[in-house]
Amino acid sequence: MDRYVQIGSLTKVLTGTALVRMAAVGLLNAADPVERWLPAPHGTGITLQHLAEHTSGLPRQPPGLSGKDPYRSFDTAALHRVLDTYDQITVAPVGTAREYSNLGYAILGAALSSAAQTSYEQFVHDHVLTPLGVGEITASPPAERCLHPAGLFGRKRPQWTLNGAILPAGGLWATPRATADLLRGLLVDRKLGAPAPTWQTTGLVTWHNGATRTSSTFAGALPNGSWVLIHRIGGTSGDTDRIGVQLLRQQHDAG
């Protein structure tokens, strides 16, 4: 329980929660256009709320990703190059459809950092982790405490570089205990109020998942307080999601 594992897109939950919390204390407004906080084209209609809800119309991934470590080259300079013309790469009109977007969350994280005038990790700690009393969630865990899956001949399998501009979309590491505390604090005890718009809802289940090159995560809860957290090294994200939903269904049926 004290080893760090990548949580992938579950990182988005912290980014979205930070948006809600920062809006609550007046640092920004969720309805702010992106260009208020970042050097982006004016008049696109894309707001921070659209980014959080995946309704910005932006594509799933930043353009130009390639290779076995696709996010490695997506640094701050690359993000700003995308921002220069990001209104020209939308795949749907803003606010009309839900298009899951890692690019959107990278932009949202950069906008929040600009509003907070601090780093991504710092505003997440200030507005989410510290109020929840949760530690051991970071972009740079101690190497000796990281859990790496074994590859061919027992060698460590290479993992994606996610600590650049894509960090707010999927770059955090956490211990399972810290992730469980995060899930309970946000969805069960609701210590920070209603769940952020990042969370997905399917029937009675409020959930989010995450996947990297070598791991997958599912976190979900029911209205009765039942919750499930799964982290798998290897395997597919789809299988991880199915296991999580099955366990929640069993808890619901038994309840």
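These figures come from a predicted structure and were not determined experimentally.

A. Quick look at the pattern of salt bridges. Within this structure, the stated rule accounts for 5 salt bridges. Two residues, E136 and R145, come together in a salt bridge whose shortest N-O distance is 2.8 Å.

B. Representation of the sheet that holds strand β4 (residues 200-202). Across the sheet, which stays open at both edges, the 4 strands sit in the order β4-β5-β6-β7 with antiparallel pairing between neighbours. A single partner strand is all that each edge strand has here, and the edge strands are β4 and β7 (227-233). Between one strand axis and the next, the sheet turns through 25 degrees on average, direction left out of account. Across 7 bridges, the pairing between strand β6 (residues 215-221) and β7 is antiparallel. Across the sheet, G220 pairs through a bridge with V228, a residue of β7.

C. A look at the pairing of β6. Across the 7 residues of β6, 7 count as buried, placing the element largely inside the fold. Along β6, one buried face is formed by S215, T217, A219 and A221 and the opposite face, lined by S216, F218 and G220, is buried too. Linking two consecutive strands that pair antiparallel, namely strand β5 (residues 205-211) and β6, is a turn of 3 residues. Taken together, β6 and the strand that follows it, β7, pair antiparallel across an intervening segment of 5 residues, in which G225 is found at a positive phi of about 95 degrees.

D. View of the packing of helix α1 (residues 11-24) against helix α4 (residues 102-116). Closest axis-to-axis distance for the α1/α4 pair is 10 Å, and the angle between their directions is 40 degrees. By the criterion of interaxial angle, the relationship of α1 to α4 is oblique. α1 and α4 meet at a crossing whose hand is left-handed. Judged by residue contacts, K12, T15, G16, A18, L19 and M22 of α1 engage N102, Y105, L108, G109, L112, A115 and A116 from α4.

E. Focus on the nonpolar core. Ranked by size, the top nonpolar core spans 58 residues in total, and within it L14, V34, F74, Y86, I107 and I137 carry the most contacts. Elements with a contribution of two residues or more to this core: α1, α2 (48-53), α3 (76-84), α4, α5 (120-132), α6 (167-170), α7 (176-188) and β6. Counting residues per element, this core draws most heavily on α4, at 8 residues. Once residues lying within four places of it in the same chain are set aside, the contact partners of L14 are I7, Y120, V124, V128, L129, I137, L172 and L182.

F. Broad picture of unusual backbone geometry. Residues other than glycine seldom take positive phi values, yet Q117 does so here, at roughly 55 degrees. Mapped onto the secondary structure, Q117 falls in the loop between α4 and α5. A positive phi angle, near 55 degrees, is found at E136, a position not held by glycine. Inspection of the secondary structure puts E136 in the loop between α5 and β2 (137-138). By relative accessible area, E136 is classed as partly exposed at 35%.

G. Just α4, in detail. Its 15 residues place the ends of α4 21 Å apart at the C-alpha level, agreeing with the 21 Å of an ideal helix rising 1.5 Å per residue. Most of α4 is tucked away, with 11 of its 15 residues classed as buried. Those residues of α4 lying buried are N102, L103, G104, Y105, A106, I107, L108, G109, A111, L112 and A115. Contacts made by the buried residues of α4 are with α1, α2, α3, α5 and α6. One side-chain oxygen at the N-terminal end of α4 lies 3.4 Å from the backbone nitrogen of L103; it belongs to S101. With its phi angle positive at about 55 degrees, Q117 sits one or two positions after the end of α4.

Cut-offs and rules
- Residues numbered from 1 in each chain as written.
- Predicted model: local features only at pLDDT ≥ 70, side-chain atom pairs only at ≥ 80, totals over all residues.
- Heavy atoms only, no water.
- Salt bridge = Lys/Arg side-chain N within 4 Å of Asp/Glu carboxyl O.
- Pairing = 2+ DSSP bridges.
- Helix = DSSP H or I, 4+ residues; strand = E, 2+ residues; numbered from the N terminus.
- Axes fitted to C-alpha atoms, helices over the stretch in contact; angles between N-to-C directions.
- Buried < 20%, exposed > 50% of the residue type's maximum accessible area, 1.4 Å probe, protein only.
- Parallel < 35°, antiparallel > 145°, perpendicular 65-115°, else oblique.
- Left-handed = near helix turned anticlockwise from the far one by under 90°.
- Contact = heavy atoms within 4.5 Å.
- Core = buried A, V, L, I, M, F, W, Y, C linked by side-chain atoms within 4.5 Å.
- Expected span 1.5 Å × (residues − 1).
- Polar contact = N/O pair within 3.5 Å; in protein donor to acceptor, adjacent residues only side chain to side chain.

Taken by themselves, the reported measurements are silent on function.
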